[in-house]
Number of protein chains: 6
Amino acid sequence: MPVITIAMRTGRTLGQKRELVAKVTEAFVGTCGGDADGVWIDILEIPAEHWGIGGRLQSDLLAGAGPATPDE
Amino acid sequence: MPVITIAMRTGRTLGQKRELVAKVTEAFVGTCGGDADGVWIDILEIPAEHWGIGGRLQSDLLAGAGPATPDE
Amino acid sequence: MPVITIAMRTGRTLGQKRELVAKVTEAFVGTCGGDADGVWIDILEIPAEHWGIGGRLQSDLLAGAGPATPDE
Amino acid sequence: MPVITIAMRTGRTLGQKRELVAKVTEAFVGTCGGDADGVWIDILEIPAEHWGIGGRLQSDLLAGAGPATPDE
Amino acid sequence: MPVITIAMRTGRTLGQKRELVAKVTEAFVGTCGGDADGVWIDILEIPAEHWGIGGRLQSDLLAGAGPATPDE
Amino acid sequence: MPVITIAMRTGRTLGQKRELVAKVTEAFVGTCGGDADGVWIDILEIPAEHWGIGGRLQSDLLAGAGPATPDE
């Protein structure tokens, strides 16, 4: 029954997404019970220019000086 | 006032989306009242490799053996 | 596979929600195919003071003069 | 701590998004306190054919006669 | 940078939520890299009468006969 | 047409929410154009025990030692 939405920056490989879905499902079932088939995950890939942190676009933070961005 | 977000797999035609929006709006107004103009819908199209079910990517489930996926 | 999130104002009865879920599921399956069991819906009930329209809280719009609010 | 998700129609420039992120962050910190670095914003760009208003696709409303659409 | 939203049924303990947040953060960082401090999670607790599966309220499915619900 | 969802921690006053909605609407219209009436905002109030940062519940971070939390 949980629906887990992962909004993350573009750039991961298919392999990383495969592992991410497996591990997050495991994390949910292992702590909150239920059945893996009842865990749905959707990944929203969002480019850096559509993320804002501290009032700035992440793409700008990555391009130049500025506070470190949660850069993953 | 309702905002209805439909996260669904890529692959429907424009015609299906047109009908979907009409029918879902009808469903809301017919059961919860209010005015059709006050019903906003947004469709998030998500590819199969960004859906996870039972710990597996839906793209993998569709490509090979494995439990039937809510395959629409 | 679709996850349909209905963010709506508080105040509907259980019966309305029962019908809403049935009709929206029907609307999806009837236009986009797939199986009803593969349609998940979650309802987010949001009070009028947590909705904003035209820069004003809906609770304020409902309490006093002001443009008609999509009042359902 | 707030996560502010802005679901809007495609078509804005990078400059508009830059300003939007700055001003919305300012709006939050100025009214609700906290630190700008603790305000995360994500922009979901949605094409007109994936928005529904009054039971119609926004792309159809924009293409032909019909009630004015919140056309921005 | 990821924002992970976990929409789940009401009923978990604080301890389960503590572990869930720890394990999901670990799952993300372990597969997609980045820093744990850059992983934000929000939990949306949704009662059974606000979940719909196969056109029925989950609360109705739990109360009476009917197909097994992803009952966690 | 934008729908702006503000997921924030519980604890703001009605007056802060009133101002927040006004200022965020202004921020959108001022940078991206369109009409204030076409800007919908919903506020999701989420308690500290339902926020996770760096793998820990925000309520735990607020209660004891630990890295400063984006504490607003």
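Let me begin by describing the structure that accompanies this report. (Residues numbered from 1 in each chain as written. Chains lettered and ligands numbered in written order. Predicted model: local features only at pLDDT ≥ 70, side-chain atom pairs only at ≥ 80, totals over all residues. Heavy atoms only, no water.)

Now for the relation of the copies chain A and chain D. Between the two copies of the chain lies a rotation about an axis combined with a shift along it. Overlay of chain A on chain D (RMSD 0.0 Å): rotation 120 degrees, translation along the axis 0.0 Å. Viewed as a symmetry operation, the transformation between the two copies matches a three-fold axis. Ranked by how close their C-alpha atoms come to the rotation axis, the residues of chain A are headed by L44 of chain A, at 5.3 Å. Looking at chain A, a mere 7% of its interface residues are interface residues in chain D too, so the copies touch through different faces. (Least-squares fit on C-alpha atoms with pLDDT ≥ 70 in both. Contact = heavy atoms within 4.5 Å.)

Now for helix 1 (residues 14-32) of chain F. For helix 1 of chain F, which comprises 19 residues, the first-to-last C-alpha distance of 27 Å matches the rise-based estimate of 27 Å (1.5 Å per residue) to within 8%. Buried residues of helix 1 of chain F: K17, L20, V21, V24, T25, A27, F28, T31 and C32 of chain F, and no others. Seen along its axis, helix 1 of chain F keeps its buried residues to an arc of 155 degrees; they face one direction. Residues of helix 1 of chain F that are exposed and angled more than 90 degrees away from the buried face: E26 and G30 of chain F. On its buried face, helix 1 of chain F is in contact with strand 3 (51-53) and strand 4 (56-57) of chain C, strand 1 (3-9) and helix 1 (14-32) of chain D together with strand 1 (3-9) and strand 2 (40-46) of chain F. (Helix = DSSP H or I, 4+ residues; strand = E, 2+ residues; numbered from the N terminus. Expected span 1.5 Å × (residues − 1). Buried < 20%, exposed > 50% of the residue type's maximum accessible area, 1.4 Å probe, protein only. Arc of directions from axis to C-beta.)

Attention now moves to the packing of aromatic side chains. Tallied over the entire structure, the rule returns 3 aromatic pairs over all chains. Judged by centre distance (3.8 Å) and plane angle (5 degrees), the ring pair of W40 of chain A and W40 of chain C falls under stacked. Here W40 of chain A is found in strand 2 (residues 40-46), whereas its partner W40 of chain C is found in strand 2 (residues 40-46) on a different chain. Judged by relative accessible area, which is 2%, W40 of chain A ranks as buried. (Phe/Tyr/Trp six-rings, centres within 6.5 Å; stacked < 30°, edge-to-face > 60°.)

This part covers the relation of the copies chain C and chain B. Rotating chain C by 180 degrees about the axis while translating it 0.0 Å along that axis superimposes it on chain B, leaving an RMSD of 0.0 Å. What the rotation and shift describe, once combined, is the action of a two-fold rotation axis.

Spatially, 4(A)-3(A)-2(D)-1(D)-1(F)-2(F)-3(C)-4(C) is the arrangement adopted by the 8 strands of the open sheet, whose pairing is mixed. Among the strands making up the open sheet, the edge pair consists of strand 4 (56-57) of chain A together with strand 4 of chain C. Two elements, strand 1 of chain F and strand 2 of chain F, share 7 bridges in a ladder whose sense is parallel. The residue bridging V3 of chain F from the neighbouring strand is W40 of chain F, located in strand 2 of chain F. Most of the contacts of helix 1 of chain D go to strand 2 (residues 40-46) of chain D, to which it runs at about 135 degrees, and overall it touches strand 3 (51-53) and strand 4 of chain A, strand 1 and strand 2 of chain D together with strand 1 of chain F. Taken strand by strand, helix 1 of chain F contacts strand 3 and strand 4 of chain C, strand 1 of chain D together with strand 1 and strand 2 of chain F, and its axis lies near 135 degrees from that of strand 2 of chain F. (Pairing = 2+ DSSP bridges. Axes fitted to C-alpha atoms, helices over the stretch in contact; angles between N-to-C directions.)

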